[in-house]
Amino acid sequence: MSTVTVHSGGSVTIPCFYDKMYQHHEKYWCKGSDWSSCTPKVRTNRPKISGEVSIRDDPNQRFFTVTMNNLKTVDSDDYWCAVEISRGSAVGRRVYLSVTEGVSTLNRVSVHSGGSVTIPCFYDNVYQQHVKYWCRGSDWSSCTPIVHTNSPKKSGEVSIRDDPDRQIFTVTMNNLKTWNSGYYWCGVEISRGSAVGTRVNLSVTEGVSTLNTVTVERGGFVIIPCFYDNIYRQRVKYWCKGSDWSSCTPIVRTNSPKKNGEVSIRDDPGQRLFTVIMNNLTSGDSGSYWCGVEISRGSAVGTQVSLSVTEGVSTLNTVTVQRGGSLTIPCFYDNIYRQHKKYWCKGSDWSSCTPIVRTNYPKKSGEVSIRNDPVKRVFNVTMNNLTTGDSGYYWCGVDISRGSAVGRRVSLSVTGGVSTVNTVTVQRGGSVTIPCFYDNRYKSHVKYWCRGSDWSSCTTIVRTNSPKKNGEVSIRNDPVKPVFNVTMNNLTAGDSGSYWCGVEISRGSAVGTPVSLSVTEGVSTVNRVTVQRGGSVTIPCSYDNMYQQHVKYWCRGSDWSSCTPIIRTNSPKKSGEVSIRNYPVKRVFNVTMNNLTAGDSGYYWCGVEISRGSAVGTPVSLSVTEGKMSVLQTVANEMHSM
């Protein structure tokens, strides 16, 4: 007597061999412990199939096979291979079928197109040394073998591996397509023509389960979305690394650990999606990863992701700007993301940061704007009128697909203090020096002065590297203080407008602070005065109403930015033959010079201090000659006597 053991729910094919003389006789399969009274189930004439049992004869090979599907424990019993010889006469051989409890494999597996799956096939201890195989077909008795544990162990994207100690063999199928859907079988050969097996229904659905390839710059981060079928909502999900799906190393799991170093995982059953976040990526993180879902003991489905971490800086790490200033952040991205949506968001955690602006909508939100340049593969974010409340972590983000993005973090620090004056009013023909204060870390960076209402597109006029002078505008840096000064001479009404103190940080990035310059009409003072040697002169210096309480002064020198103060309205109000007196109601201060000599000839300046290091002024050319006093001197003296 032969014995066959099958797991509950499995299938078995029993071969029944006979002598050549019985090639054309009727064969049948019957059940019962007693051969003489067993009950026929199927016959080669009629019926050839009965429920889950079928029979097929092969006279040329001189054997018939009986296949039994969806076996239950109640199917355990004695069966007989029988051949009728004549009316009432037959020959037969007994087979004992044992159907044991336990799951031999999964009943149904659903995988997204492009994904992978590992099917576990459990078998009884008696089959440890038997050949195992994986075949395809709706009918167990005629399924087509794909791989065997003897040969071949791999066929295309399908491989098989046996573990006799655990009494299991696993089948892995990669890069699944929708046409791979269908019925498959875990099979164990028992003897020539005989096998046991269990059916698996594989469904490969349309849709992307995750990205195929992701490219991120070194130091950045990435969010990988892993979509799964509805039947897996309550299953454990995981993220593993390795070129081979069947042996990849788990990093994080939705049960434990949910975080491992810079990698974390989060499941959203409502969206049928779990996301994996990887921060502070290095080139060593490049490689193959897998979105995995556990199905049962030893079984899982998964989809491969190829991660490439490239060299280079995607944006700045840290930026410091003074309160009231502006900032432009460059966000560089890989060529494959040129047509993708970009955005700027705020938050310490990348996975939950709040988007502020996007390249699709909105492109501007309050004082923040975004502009994309696909040719240079960079998008720039500009933030104006910064306050200390704007300090924090921000992210350059690029949407890849539904739920997935790559990006890099920027730490923004807005410090207290005035980086420059906000508004300056100068009378036509005058001069002004604007102080631009910057953080100590920017001592060696290039500074510049530009014009335009929009910080991100202002036109550069002068730079501390080149050109340091452009017409009536010059720039001078003092790293010790640290400040750089911009001087503008011979101002006209056309010079009124918005300007910016700018400091370059790196390629495409800069910090800056706006200055509003207003050049008003009217005479701020006389342009030229001629006085006879030994005479005296009073110079009227008119100023705007906003400067009534500011310190006024008189200085000498051909260059406004470096002229030497002689007297001031605070101290001293008199120096030798020179004195100063302020009339706030009339908005004028007068400078009187007595006992003039030829050596007093030269350029002087009416100056008004605005704030630390900043001032406005107007030049006066004084000429001390022999002979009569000029008309201009008379006019000046008349103004003094008013």
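Residues numbered from 1 in each chain as written. Predicted model: local features only at pLDDT ≥ 70, side-chain atom pairs only at ≥ 80, totals over all residues. Heavy atoms only, no water.

- Per an unreviewed UniProt entry, the protein is named Ig-like domain-containing protein, and its organism is Paramormyrops kingsleyae.
- Under the UniProt heading Subcellular location (unreviewed entry), the entry covering the protein gives this text: "Membrane". (UniProt positions renumbered as here; feature names shortened; annotations may be inferred.)

## Thoughts on the overall build of the protein
Move 1: Within the protein, the regular secondary structure consists of one helix and 54 strands.
Move 2: The globule rule puts the C-alpha radius of gyration for 642 residues at 26 Å, and the 45 Å found for the protein is more than 25% above it.
Move 3: Its C-alpha atoms give the protein principal-axis dimensions of about 160 × 35 × 35 Å.
Move 4: Out of the 642 residues in the protein, the part that is buried amounts to 48%.
Move 5: Across the protein, the fraction of contacts at a sequence separation of at least 24, relative to all contacts at a separation of at least 6, is 64%.
Move 6: When the accessible surface of the protein is split by element, carbon and sulfur atoms take 47% of a total near 29600 Å².
Move 7: Placing the 71 positive and 48 negative side-chain charges of the protein at their respective mean positions leaves the two points 6 Å apart. (Helix = DSSP H or I, 4+ residues; strand = E, 2+ residues; numbered from the N terminus. Rg over C-alpha atoms; globule rule 2.2 N^0.38 Å. Buried < 20%, exposed > 50% of the residue type's maximum accessible area, 1.4 Å probe, protein only. Contact = heavy atoms within 4.5 Å. Areas by Shrake-Rupley, 256 points an atom, 1.4 Å probe, with all protein chains shown as cover. Lys, Arg positive; Asp, Glu negative; His and termini not counted. Charge placed at Lys NZ, Arg CZ, Asp CG, Glu CD.)

## Description of the sheet that holds strand β1 (residues 2-7)
Move 1: Ordered by their spatial adjacency, five strands build an open sheet running β1-β9-β8-β3-β4, and the pairing between neighbours is mixed. Edge positions in the open sheet fall to β1 and β4 (39-43), since each of these has one partner strand only. Sheet twist, expressed as the average angle between the axes of neighbouring strands with direction ignored, equals 30 degrees. (Pairing = 2+ DSSP bridges. Axes fitted to C-alpha atoms, helices over the stretch in contact; angles between N-to-C directions.)

## A look at the environment of Ser 264
Move 1: Here Ser 264 is to be found in strand β24 (residues 263-268).
Move 2: For the pair Ser 264 and Ile 277, spaced 13 residues apart in sequence, the C-alpha separation works out to 5.3 Å.
Move 3: The residues touching Ser 264, leaving out its near neighbours within four places in the chain, are Val 252, Lys 258, Lys 259, Thr 275, Val 276 and Ile 277.

## Examining the pairing of strand β7 (residues 63-68)
Move 1: Counting buried positions over the six residues of β7 gives six, a clear majority of the element.
Move 2: Side chains Phe 63, Thr 65 and Thr 67 project from β7 onto one buried face, and the interleaved Phe 64, Val 66 and Met 68 project onto a second face that is buried too.
Move 3: Where strand β2 (residues 11-17) and β7 come together, six bridges link them in antiparallel fashion. Opposite Val 12, over in β7, you have Met 68 as the bridge partner.
Move 4: As defined by bridge partners, strand β6 (residues 53-58) adjoins β7 across six bridges and the pair is classed as antiparallel. Bridge assignment links Ile 55 to a residue of β7, and that residue is Val 66.

## Describing the nonpolar core
Move 1: Ranked by size, the top nonpolar core spans 137 residues in total, and within it Trp 29, Trp 134, Trp 239, Trp 344, Trp 449 and Trp 554 carry the most contacts.
Move 2: Of all hydrophobic cores here, the second largest spans nine residues; its members include Ile 277, Cys 345, Cys 353 and Trp 395. (Core = buried A, V, L, I, M, F, W, Y, C linked by side-chain atoms within 4.5 Å.)

## Let's talk about the domain arrangement of the protein
Accessible area lost on assembly of the parts is the figure often given for the size of an interface.
Move 1: Under the domain assignment, the protein is made up of domain 1 (2-100), domain 2 (103-205), domain 3 (208-310), domain 4 (313-405), domain 5 (418-520) and domain 6 (523-625).
Move 2: The C-alpha centroid of domain 5 is placed 74 Å from the C-alpha centroid of domain 2. (Domains from an automatic or database assignment.)

## Focus on the confidence of the model for the protein
Move 1: Mean pLDDT over the protein stands at 83; residues scoring 70 or higher make up 91%.
Move 2: Low pLDDT, under 50, characterises residues 628-642; the predicted model gives this stretch 25 contacts beyond four residues in sequence or across chains. (pLDDT = per-residue confidence, 0-100.)

## So, the state of the cysteines
Move 1: According to the stated counting rule, one finds 12 disulfides in the structure shown.
Move 2: Two residues share a disulfide in this structure: Cys 450 and Cys 458, whose sulfurs sit 1.9 Å from each other. Classification of the bridge connecting Cys 450 and Cys 458 rests on its S-S torsion, roughly -70 degrees, and on that basis the disulfide is left-handed.
Move 3: Paired through a disulfide, Cys 555 and Cys 563 show a sulfur-sulfur distance of 1.9 Å. The sign of the S-S torsion, about -70 degrees, decides the handedness of the disulfide formed by Cys 555 and Cys 563: left-handed. Cys 563 matches Cys 555 in its accessibility class, with the two residues each being buried. (Disulfide = S-S within 2.5 Å.)

## Description of the environment of Ile 224
Move 1: Note on placement: Ile 224 falls in strand β20 (residues 221-227).
Move 2: Between the alpha carbons of Ile 224 and Pro 435 there is a distance of 48 Å; along the sequence they are 211 residues apart.

## Observations regarding the packing of aromatic side chains
Move 1: Under the definition given, this model contains 16 aromatic pairs.
Move 2: Pairing Tyr 18 with Phe 64 gives two aromatic rings, centres 6.4 Å apart and planes at 25 degrees, and the pair type is stacked. With Tyr 18 in the loop between β2 and β3 (27-31) and Phe 64 in strand β7, this residue pair connects regions lying 46 residues apart in the sequence.
Move 3: Under the relative-accessibility criterion, Tyr 18 is labelled buried at 9%.
Move 4: An aromatic cluster of three or more residues is present, and its members are Tyr 553, Trp 560 and Trp 605.
Move 5: Positioned above the aromatic ring of Tyr 18, the side-chain terminus of Lys 27 is 4.2 Å from the ring centre.
Move 6: Sitting over the face of the ring of Tyr 28, Arg 43 holds its NZ or CZ atom 5.0 Å from the ring centroid. (Phe/Tyr/Trp six-rings, centres within 6.5 Å; stacked < 30°, edge-to-face > 60°. Lys NZ or Arg CZ within 6 Å of the ring centre and 35° of its normal.)

## Comments concerning the pattern of salt bridges
Move 1: Scanning the entire structure with this criterion turns up 12 salt bridges.
Move 2: Glu 26 is paired through a salt bridge with Arg 43; the nearest N and O atoms lie 2.4 Å apart. Residue Glu 26 is found in the loop between β2 and β3, and its partner Arg 43 is found in strand β4; the two are separated by 17 residues along the sequence.
Move 3: The shortest N-O distance in the salt bridge between Asp 439 and Arg 441 comes to 3.4 Å.
Move 4: Judged by its relative accessible area of 45%, Arg 441 falls in the partly exposed class.
Move 5: Where salt bridges share partners, they join Glu 26, Arg 43 and Glu 84 into one cluster. (Salt bridge = Lys/Arg side-chain N within 4 Å of Asp/Glu carboxyl O.)

## Describing the sheet that holds strand β52 (residues 588-593)
Each strand in a sheet pairs with its neighbour through backbone hydrogen bonds, running either in the same direction (parallel) or in the opposite one (antiparallel).
Move 1: Overall, antiparallel pairing links the four strands, which are arranged β47-β52-β51-β50 in an open sheet. Looking at strand neighbours, the two that pair on one side only are β47 (537-542) and β50 (574-575), the edges of this open sheet.
Move 2: For strand β51 (residues 578-583) and β52, the ladder comprises six bridges, and the chain directions are antiparallel. Each bridged residue has a counterpart across the sheet, and for Tyr 583 the counterpart in β52 is Val 588.

## Observations concerning unusual backbone geometry
Move 1: For the bond from Lys 481 to Pro 482, the omega torsion is -25 degrees, close enough to zero to count as cis.
Move 2: Within the secondary structure, Pro 482 is located in the loop between β42 (473-478) and β43 (483-488).
Move 3: One non-glycine residue, Arg 62, adopts positive backbone phi at about 60 degrees.
Move 4: For Arg 62, a relative accessible area of 35% translates into the label partly exposed.
Move 5: With a phi angle near 55 degrees, Arg 587 is a residue other than glycine that sits in the positive phi range.
Move 6: Residue position: Arg 587 is located in the loop between β51 and β52.

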